[in-house]
Every structure is written in C-alpha cells, then in structure tokens.
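# What the coordinates show
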4 protein chains.
Amino acid sequence: MNSPRIGTLPAGPRDAISDVGEIRVGHVTLDRGGIQTGVTVVIPHSGDPFAEKIPAASAVINGFGKSVGLIQVEELGVFETPIALTNTFSVGAVMQAQIREAMAAHPKLGREWATVNPLVFECNDGFLNDIRTLAVTEEHYRTALANASADFVQGSVGAGRGMSAFELKGGIGTASRCVGGHTVGALVLANFGRIETLTLAGRPLGREITARRKDEGEPDKGSIIMLLATDAPLDARQLRRLAQRAGAGLARTGSVFGHGSGDIALAFTTAYTIPHLPNRPMPAQAMLHETRLDPLFFAAADAIEQAIVNALWHAEPVLGRDGHKRRTLREILRRLP
Amino acid sequence: MNSPRIGTLPAGPRDAISDVGEIRVGHVTLDRGGIQTGVTVVIPHSGDPFAEKIPAASAVINGFGKSVGLIQVEELGVFETPIALTNTFSVGAVMQAQIREAMAAHPKLGREWATVNPLVFECNDGFLNDIRTLAVTEEHYRTALANASADFVQGSVGAGRGMSAFELKGGIGTASRCVGGHTVGALVLANFGRIETLTLAGRPLGREITARRKDEGEPDKGSIIMLLATDAPLDARQLRRLAQRAGAGLARTGSVFGHGSGDIALAFTTAYTIPHLPNRPMPAQAMLHETRLDPLFFAAADAIEQAIVNALWHAEPVLGRDGHKRRTLREILRRLP
Amino acid sequence: MNSPRIGTLPAGPRDAISDVGEIRVGHVTLDRGGIQTGVTVVIPHSGDPFAEKIPAASAVINGFGKSVGLIQVEELGVFETPIALTNTFSVGAVMQAQIREAMAAHPKLGREWATVNPLVFECNDGFLNDIRTLAVTEEHYRTALANASADFVQGSVGAGRGMSAFELKGGIGTASRCVGGHTVGALVLANFGRIETLTLAGRPLGREITARRKDEGEPDKGSIIMLLATDAPLDARQLRRLAQRAGAGLARTGSVFGHGSGDIALAFTTAYTIPHLPNRPMPAQAMLHETRLDPLFFAAADAIEQAIVNALWHAEPVLGRDGHKRRTLREILRRLP
Amino acid sequence: MNSPRIGTLPAGPRDAISDVGEIRVGHVTLDRGGIQTGVTVVIPHSGDPFAEKIPAASAVINGFGKSVGLIQVEELGVFETPIALTNTFSVGAVMQAQIREAMAAHPKLGREWATVNPLVFECNDGFLNDIRTLAVTEEHYRTALANASADFVQGSVGAGRGMSAFELKGGIGTASRCVGGHTVGALVLANFGRIETLTLAGRPLGREITARRKDEGEPDKGSIIMLLATDAPLDARQLRRLAQRAGAGLARTGSVFGHGSGDIALAFTTAYTIPHLPNRPMPAQAMLHETRLDPLFFAAADAIEQAIVNALWHAEPVLGRDGHKRRTLREILRRLP
C-alpha cells in the first residue's frame, strides 16, 4: 500500500527532495527509553557551502519558533552551512557543531574572515521525547552529516523521531514534483495539527476519526518546518515567493497556522551558487521570468502537502517518555470502517 | 438550495460581516453594456472613523496588487475611513472621494491637522468590465456609503459586479462564525483561481468539471481581497496574526496564491477605537490572551472559505464587454452528473 | 556661494540623479496665490518602462505616508511607470494619469494583459499650499513628463513648490556620488524636520538659530521621499539594502524619523531591465558581490544628505495660502552672526 | 573628565538603562591571554520573566547577524528570559544556559507547557578575542545573572570585553534620557564602524585622526546591538517604532549600517507585563497616544548615541590574541592637537 497521492504533477525518480541537484539527507535517531529525538541534515550540494553559498529565502508563516539563522538569510539571500533540523532545546548544541565544522574547513574563519551563520530549525518533540535532557550532542550532527545520502528514510527518524502531528505520529516526510523542465523538492519536519482538522488528500479524515469522540482533544502546540528546493534559477526575492506557497500546501492538510505552531518555510535553489570570496566571479545567471513561477507554485504546494502526508504515512509507532505513545496514520486507517 | 456549509462553527444571525459590531456594507453596481463594475464600502462603526480610528493590520499574502493605504495601517495600526473596494483603475477616483468626505467632515484636515489616509482595495475585473473606461466616479463612492446597511446582497454586485473566480462568475461574498463569545466576520472580493483547482467545501469540483476538457484554461490573473472583522479585543499585532489566517481559508478553495493574484487581507476589531485627538483618553483595553487566539484563527479561516463559496454561490451570470461572459457555480452544479 | 559639501566622495558631472544612466527629471510648478504645489517626475530610462521594467526596492523608514505602488514593487522587485511625486491629496489624479499614459502606449493593457502599477510618492504641503483644493490635474503629470531633462532645477519647484523642511522652505534636492566605477544618484522631496535639530553638513545650525527663541516650535508633521538610483548591477534584495541607507543620510541632517513623517526610500538600478513579455530573454546579469556594497552605502548616505542640503539651499521663499510663508536657509545663514 | 554629552534632554539619575523600572545589568568578563570576551545580561524586572513576559519588538537595521529569539519576539510581542549578549560563537552555550535556567524555575516547561524562547544577541569580537575557542560556558551566563545590579560598569567588560568600534576599543555603553514624565534607557554592545567616519557628539573626529594616515583602514566588519527600555506604556507595534529610532542615533556617530555589520535593535517596556498563564488577568493598560511618541523618539536617538559615546569613552585598552590591541578613544583624544 502506498501513501495517498497529491495532485496530478509527476514526481521525480525518488519523490524526494534529493531529486533536486545533488541534495543529500542524513539522519541520526536517538531511541533510548524516554529519549526519542534526533538530528536530520540536508546537504544542499556536494561542494563546500561556506565557499559556495546557496541562494535562499524564508517565509515565517507563524513565528512561534526558535529556529536560528534566518535574520542573515533574509538580509543576504544565502545560507552557508548544511541545513539542520532537531528538537527545540538542542538548537544550541547543533549550531555549535555547525560552527566547529565550518572552523575545521576554514582556518581563517573568526580570524581574517568573519564568522559563519548557523542554520538550525526546530520543533518541540516534548510529548514523546524527554526534551529537558538536552540529549542531542555536537557529535550527533557530525554523524548525521556522515549518514547523508540521496536515498534516505522517512517517518519516525532523525529530527522526526519524537514528533507528533494531528495527535498521531509525525516526523520527516519528503516529496518532489516536476514541471516545466524543473523539479521542486520538499522536506518537512511535521509536528503540528489537531486531529479533527486532519485532511488526507482531500478526505476529511479527522472528522471521521473524531466523530464518536467525547474529549476536547489537544490544542495545536506543535510546529512544522518546510524546506523547498528547486533547480529553477530564482533569486532571493523569487525564492521568498516560493517559500510563501508552502503555506498553501500546509493549509490543505487542515492547518490554520495555529497560535502555538512555529510554521516556517525555507526555499533554496541549486541552479547557481554565490562565492564567498569577492575575487571569484559572480554568476551571470538569467533568472526565471516572473510569469513562469506559477507552475512552480503549484508544484511547491503539492510537494509540501505530499511530504506531510508521507511523514504521517511512513511514521512508525513510538513509545516515549512516561509511557506516552502516538498511534500512526496507517493504524488509524486500518481500523476505520 | 443553500450554499455548501464550511466547518462546524455556528454562524452569526446574518452569516455576514455585519454580524460584528455595527458594521454596514453598501454597494453601487454599474451595469451598462461593457461597463460591469462598481464600488463596495464597509463602514466599520456608526461614528466618525477619522475621529475614532479602527485598530487594524494587514497580511500581504501575494503583493501583485494596487491597493492603497496599507503602509500607514501597518505603521500606525489603525485605519480612519470607511473601507472601499473597486476595480484596479478606479482606485484614484475612490481615494479622492474618501479624501473629500473626510474634508467635508473635518474642516481642519489638511490645514491645522494632517491629512487622511485613504483605504481602497482593488481587483482587476477587466475580463467582463471595460476597465479602460475608468467608469467609477467619486459620486459612486458616496452613493455606496448612502446605500450601506447591515443587510446587503452578495454576488455580482458592487465591486464584485465584473469579477471572475475559477473562470466562473466571482464577486462579493460574506460570512461569519461565532466562537468563545466572539464573532469573526469575513467579506471577500473574489476574483482569482484556475477552474481545475476549485475545491468546493472539500469537493474537488474543478477536476470534475475539467475532466473532459481539452484546452489549457486561463492563467490565474485575478486577485482576492479578504476583510476580517471581529469584536474580540485584539491589538494591531494580534490582528496581523488574524489576517494571516485568511490565507488558510483561501488555500482550502484551491488557491496557491498565484503569481498574478494580489491576495491581500485586512483584519480589524470593533472592540475599541483610538481617538484622533491626543487630549481624548486612550482606551484601557485588556486584549485577549494569546493562547485564546486559536479559536479565532479557525473561525477566520472558515469564515473566509465560506465567504468565497458564498461569492460563487450568489453570483448571477454577467454579460460584459466584447460579449465576454462567465458561467455561475450554480449553473455548473446543475449540469454535473 | 555654493551649498555646503557633504563627505569626500566625488560627485558626478551634474551632481544630480541624472548622472545615472539616462535618467531625466521634469517639473510642473503651480504658483497661483494659495495654490503652491506641483508634480515632479523621474523618468528612469529612455525606453518604455512598462515593456522594460526597472529593478527596484523600497525601505519604509516611517510609514506615516500615503504613497502608492510599493506593495507590488516589494513583491515583484520592479516598477513599470515613471516615478511621480506630488502632494498628498493629488495622488489620485496622478495615478490616474499614469494609468492613462500606460493605456495609451499599450492597447492590450487591462484587456489581454493585466493592469499597470502606478507609483506615486507624496508629502503634505498643506502649510503653504491650499491642499484641500486638489489642484493637481492629470494634465499636469503629462506636462511634467514633457518637461523632463537631464538638467533640471532644484528647490521650490515641482512637487517641492509648497514643501517645508526644518520650518524653513524645503522642496526638491538632488545630488550624486561616484565610487568604485559606479554612480549613486539621489533625489529627495524634503518636507520634514524641526528647526532646532537642523544639522547642516555637521554644523548644529538649528541650535544656533533657536538659541534665542521662546516658543515651542512646530511638531514634525512632514515627510521625506528619498529616491536612490545607481548604475551598479544589483538585484531587488540588494536594492532594498541600498534604500535602507537613505535613513543614515537623513539622520545626519537631524531627523529621528518623526512620528508624523512619512520617511520612505526607493532604490533602483539602471544596469539592466526586466522584460514585460515572457518570450523576451531575461538578462544574464552578474550582480555585485555583496562585499562590494559598502562603498555604495557610503555614497548613498552622502548623496541623500547632500540632496537634502541642496533642497534647502536652492529653495526660494514662497508666500502661500492665508499669508503663510517660509524663510529660506540662505536667508537664515545671511542673518546669523 | 566626563564623556561628551549628547543633546539637551536630561539623563536619569544613573544615565543608564537601569534608570528604567527595576532593570539590572550583570557582566562576566573573561581576560585570559588570547581569550578576551564575556557575557552581559539585562534583567528586565525583578520577577520571573517567563511567568510575566515583557512587551518588546525589534528592528533589524542590517541583518548580517546571528542573534537568536527575534522571530518569536516579532510574532508574540514579548520576551520571556533575561536578555543576554555575548560573542558570535558563544550564542549556543548561552541559549542553552537560558533554557536550563527556565527549566529549573518551571518544572512543567517542555512537558505540560511549551518551551522557552532564548534571547541572545551577539557581535564578533574575533579581532581581540580568540573566538574559535568558544570560551564562554553556561556557567558564565549564570554568574552574569548573579552579578546583576542597577549599578554596573561600562566599557571593556562583559560581552564588550573584546569588541572594537571605529578601529578603537569598543564595548558596553549605556545612557538614559527623561522626557514627558517617562524615561528611555539604552544599552549598546558597540563593535562597528570605520575610524574615518567617527563623529563624536557632532565633531568629525575620524577625519581629524585619519588626516595624516596613509593606509586604507579596515572594512566595517563589526556589529552593534542596541537595547532600548522605557517605562512608557507602549504596545509591541509602538515598541517597534521606538526600536527603529535606534538607527538615527547610530547614524549620527558615523555609521551607514555597513554591509558586514549586524545592526539590531530591541525595544521593550517595563510599564506592564503579559502573564504566561491564560487564567491570569491581562493588563487593562492604556497605551500612549501615537502623537506622544515623538519626544520618546528623540530620547531614544539621543540615548543610543550617548551609549555609543560612553562605550568608547569608558573602554580600557585590551591586549588580545596574537598581540592584537586596540587604542581607546581617550588615548586618541589626549594625543590630538
């Protein structure tokens, strides 16, 4: 059985963010009793991201979040490290690991050169994970980098290990869509949503599930990180427009961007890079004409919605701290009439 | 036959934006051959909006639009005229009318006092309406004000006369939702969307309609203006959060915030006003606690989706310039198997 | 006697915004008793701005203003008409004139094609000008276009006719600075500031002037529009950064961005254009490396400060409505010990 | 000899940010050979900042910076920890310390309750400090808290230990101004500027210093963090307006917001707090009328300029890594003719 399919656009060969350019994804998963958490990294290209920076922009759909690095991305239109995802309280450890990696690669960093801008996204996995332990270490980030591959697992892995979505098991999901000669890939860390609003590929599943339910359910305390990658040549302003469309895909799953949900999107392109050193030539890159963005916007919304569905679909049940557990979407579907 | 119902929250007595406070809505409709356009006004309270300003904030979901007044609303957190909606090329005439109305009420304006900030929203009705005629006059604005009532018509009226949505007849729609002792009202000027993406209360109607279609359809060249009113006491920052949720309701109808679509939301509260004169007391208003916003967010998304559905549902067929016409949603529904 | 010189960078041949590319500036000045106002236009290149759009971005330093067109500039990163400046209540007339000009040039506009985005900036000249008369007509805009030249007058002309700055006569000022093979030009509409804060090329002139003064002076009710043009190849994000530096030049003249002052900057480049039609090739333009922006930032701040000084310096005394008049900076300087 | 005085408004009793409410400031200074760095904390009130959150807003004047916490401050309009300042590479350690402090105070945090939003600002002190050692530990943050007092030292202390400004020794500076019954306090971490642009209380000192200089000087690689506190009752939108005025004070010292300088301002009020728990009453606080903000804007610009001057004035010479050292402003002034 495959996960429900979103939209009519074709997916790339892997239906994953790694269908775009040379993108690779790596996980470290911590599964030790009450510690159910991890790190996921997205490596944007096979070179050195500090030397060859990646054009990017973000859209903060709801800013109840603690991700770091976006102020500089917004100003300079690039990022310069692998992208890291983890739990809310482990951002400090992971950003330190990013700093040390960049220092190791560049002895001038923090001396003749300026510093590096860590880029770490987070969601709060505190329902399943004993987040107060700050269990993630710098070493976990390095291991996630070492694990990176174009082929990678979805669901209850990496940063997604302890995440919940729609009061079910959430986690990491990915997808891709091809349109007009370009590919748009998505990777999400899904940790949001109230079950009664869950809409699965257009089906109001949440209402079916909760029809006979008595209690009030949980408030939407989670968050979602939504990464969009494309090989289309876009500048930072256009990438901001693309990032904004993540919200459309998210809304179609039932979210209204809840107060307590840090709903944050980052879009980047692999079509060209920006050199760190000013004596290196700047790319003479013709960007896409603005009117050619619409197909990419549809692809982005579909890829995000698909990635969310995939996160739910591939999630395995997790038993976490204090006996907390989350059912999975597939369990639920099996039990429905 | 009634329009499909969105969500489970109860509507107010009119299922209209006028369920909030003393809000009234007035239309002027121009229906003269190729001239199919008009003006719609939303009067926020029964007093003088310049003397007692209305707390508000906007969310520019896609900024391909020519609305005026939002820079100052964003800075000062209030507006100070009735809200006007019209076609893209008539913004100048309507803003002049707003200025003259404010001057008539306040002889000091532009002399001892500063000026007034016109607030005019627009969509491009050029498919049905001969927009190049700049047919709207200042007098039309005044007539729309005079026509204002808590009971008002939806569909192909006022600013909505010439609008198209999903390649069908669009226009003015309204709705309201009640939650936690507060009401959220919505009024939209719907002029957006490609038919194949139309989702009607969760039903993928657009795909059903276009299943046997050969041609490519039209690009999304329209726009949507989304007004949200509430009687909950919110400050400008909280109103911006509410405005942002209009995007969730919009996305559920099938929009991905198309490149050419000016998707703009304004949220305001009727719970208190801000005096123009500094010698008048400022309101000692306790705002809603942030965690109490979630129910309002759900109400806002539902009210916006319902208002869009209502705009389509109540639209009458319009024959416009050069023989252009738009079918209505109800026609389509009657013909479907 | 020449105006005081700001900074150490060389000016272009005209010390004017028209040192950049093919920029031309035109004025219409209305001088009829209580009517002391006008229109100024900045024509960005010698071609058709709708067909070949100009990359641009804005910085809203204080948004108490009624300028129109910036929402779309922010979204799309271009403008597509000449830039117009006028008084606050004449924005409607001038935007209509811009629409009619674009319609005349493009019969498809508002029919097969979408609409045009008017770009009109304003300040409130109501102290000298009887702004309530809405004296500017569409014809005035066309005349200003016809008057445009690379050589143009500063001071109490065009949109600057009725403006006040630092309780002195303000108006139109311009300047340019050359650095690193590029030119940065500035044009301001100066209508802001309290006299006691006036700082003229570093000299605390305002304190000298008001040392023997008894009264409280006037609150800062004005505004300033600051245009920055450059021939350096910058994208919209970089142009936003440049626009932001207008605030540094402004602050050095004594402004703290007063509550009632609409302080708005627009930066644009003449290095390349963006075609309206998607079948025309997009420019394969290498942008400036980010680290090469600093010299431009210094040039921008100096050019803005110089343009403000020039607006004051070139202002002629104006006798306006109800016997209101403004002294000029040169009068003041002659009387100081 | 006292530091040059900025403006004409009176200072509070301490001429320090601690003139506002119950604000206290604490430092930890690391002075061990090449390690010249530290932590400074600003405690906003004597209660628990998580339980009683502080209304705040930021202005990112130039976003080349790695501060954390601002996304959530922007969304929710409050912060909920003491404010911390440190070097760029120590943000991770300090944010972890903030998390642990909040966890210790609130056992429900990360379990029944959501998480906490760390708020850490940074500048790059890598010229004097061996920043690659990541020398700051979590314990240093706690010690800085313990050291906090309304009376505190300025200059080469705390986070300011290794900072440079205008190629001189920079660091921590503070000031306050009183106007209209309210106080505005400022605290800066000054680490920005090229010496030739240094303007000291209106005197173009940088040009005097560099008149006989041959070399090119250093590019502006630094940053400045600018905190503004007031006891005036302002909401988050108004506090954003206040924060924006920090840029005016900064520009008057000679900055044009250099490309490489993370120029970031945060404004907060001590007039009221926002309870964490929704069952606690929200404050029924009348805010200041908008027209009463102008005096505060002048006070904010003056306080920021004074705080920058004070940072330079109070700086002691520091000998750092690899024999790097910075002269102080007072040394320079003594040697000038």
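Attention in this report is confined to the structure presented alongside it. Computed from a prediction, not measured in an experiment: that's the story for all the values here.

## Regarding the overall build of chain A
Each helix and strand in chain A was counted, giving eight helices and 15 strands. In summary, chain A has a C-alpha radius of gyration of 19 Å against a globular reference of 20 Å for 337 residues, a match within 12%. C-alpha atoms of chain A, sized along the principal axes, occupy 65 × 45 × 35 Å. A buried classification covers 71% of the 337 residues belonging to chain A. When contacts within chain A are restricted to residue pairs at least 6 apart in sequence, long-range pairs at least 24 apart make up 79% of them. Counting only carbon and sulfur atoms, one obtains 51% of the accessible surface of chain A, whose full area is about 10200 Å².

## Some words on the interface of chain C and chain B
The accessible area lost on association of the parts is a frequent measure of interface size. Contacts between chain C and chain B engage 46 residues on the former and 46 residues on the latter. For the pair chain C and chain B, the summed buried area comes to about 3900 Å², and 58% of that belongs to carbon and sulfur atoms. Together, C:I71, C:R111 and C:R132 form the three largest contributors to the area buried by chain C at its contact with chain B, with a combined 19%. The salt bridge involving C:R111 is made with B:D130; its shortest N-O contact spans 3.1 Å. Applying the counting rule to chain C against chain B returns 19 residue pairs in polar contact (both at pLDDT 80 or more). Counting only elements with at least two residues in the side of chain C that touches chain B, the list comes to β3 (52-63), α1 (70-76) and α2 (91-105) of chain C. If you tally residues by element for the side of chain C that touches chain B, the top one is α2(C), at eight residues.

## What to know about the packing of aromatic side chains
Within this structure, the stated rule accounts for twelve aromatic pairs over all chains. Consider the rings of B:F50 and B:W113, whose centres lie 5.9 Å apart with planes at 15°: the pair is stacked. Of this pair, B:F50 sits in the loop between β2 (35-43) and β3 (52-63) while B:W113 sits in the loop between α2 (91-105) and β6 (120-123); the two residues are 63 residues apart in sequence, bridging distant segments of the chain. Summarising the burial analysis for this pair, B:F50 and B:W113 share the class buried. Looking at C:K53, its charged tip hangs above the ring of C:F50, at a distance of 3.8 Å from the centre.

Procedures and definitions
Residue numbers restart at each chain and count upward from 1, following the sequence in its written direction. Chains carry letters and ligands carry numbers; both start at the beginning, A for chains and 1 for ligands, and go up in the order they are written. Owing to the predicted nature of the model, reporting of local features is limited to residues with pLDDT of at least 70; listing and counting of side-chain atom pairs is limited to 80 or more, with chain, interface and lining totals taken over all residues. For side-chain calculations, the full set of non-hydrogen atoms in the structure is used, while hydrogens and water are omitted. Secondary structure elements are defined from DSSP: runs of H or I of at least 4 residues count as helices, runs of E of at least 2 residues count as strands, and each element is numbered from the N terminus. What the globule rule says is 2.2 Å times the number of residues to the power 0.38, and the radius of gyration is computed from C-alpha atoms. Partly exposed describes any residue whose relative accessible area lies between the buried limit of under 20% and the exposed limit of over 50%, with all areas from a 1.4 Å probe on protein chains only and scaled to the type maximum. Contacts were defined at the residue level, with two residues in contact if any of their heavy atoms lie within 4.5 Å. Under the convention used here, a 1.4 Å probe and the Shrake-Rupley method define accessible areas, while residue burial counts only the protein chains that appear. By buried area we mean how much accessible surface two parts lose on assembly, using a 1.4 Å probe and totalling the loss over both. What counts as a salt bridge is simple: a side-chain nitrogen of Lys or Arg found within 4 Å of a carboxyl oxygen of Asp or Glu. Here a polar contact is taken to be a pair of N or O atoms separated by no more than 3.5 Å, where protein atoms must pair a possible hydrogen donor with a possible acceptor and residues adjacent in sequence count only if both atoms sit in side chains. Pairing of aromatic rings covers Phe, Tyr and Trp, the last through its six-membered ring, and needs centres within 6.5 Å; plane angles under 30 degrees mean stacked, over 60 mean edge-to-face, and all others mean tilted. Any Lys NZ or Arg CZ found within 6 Å of a ring centre and within 35 degrees of that ring's normal is scored as a charge over the ring.

Read these as spatial facts, not as claims about activity.
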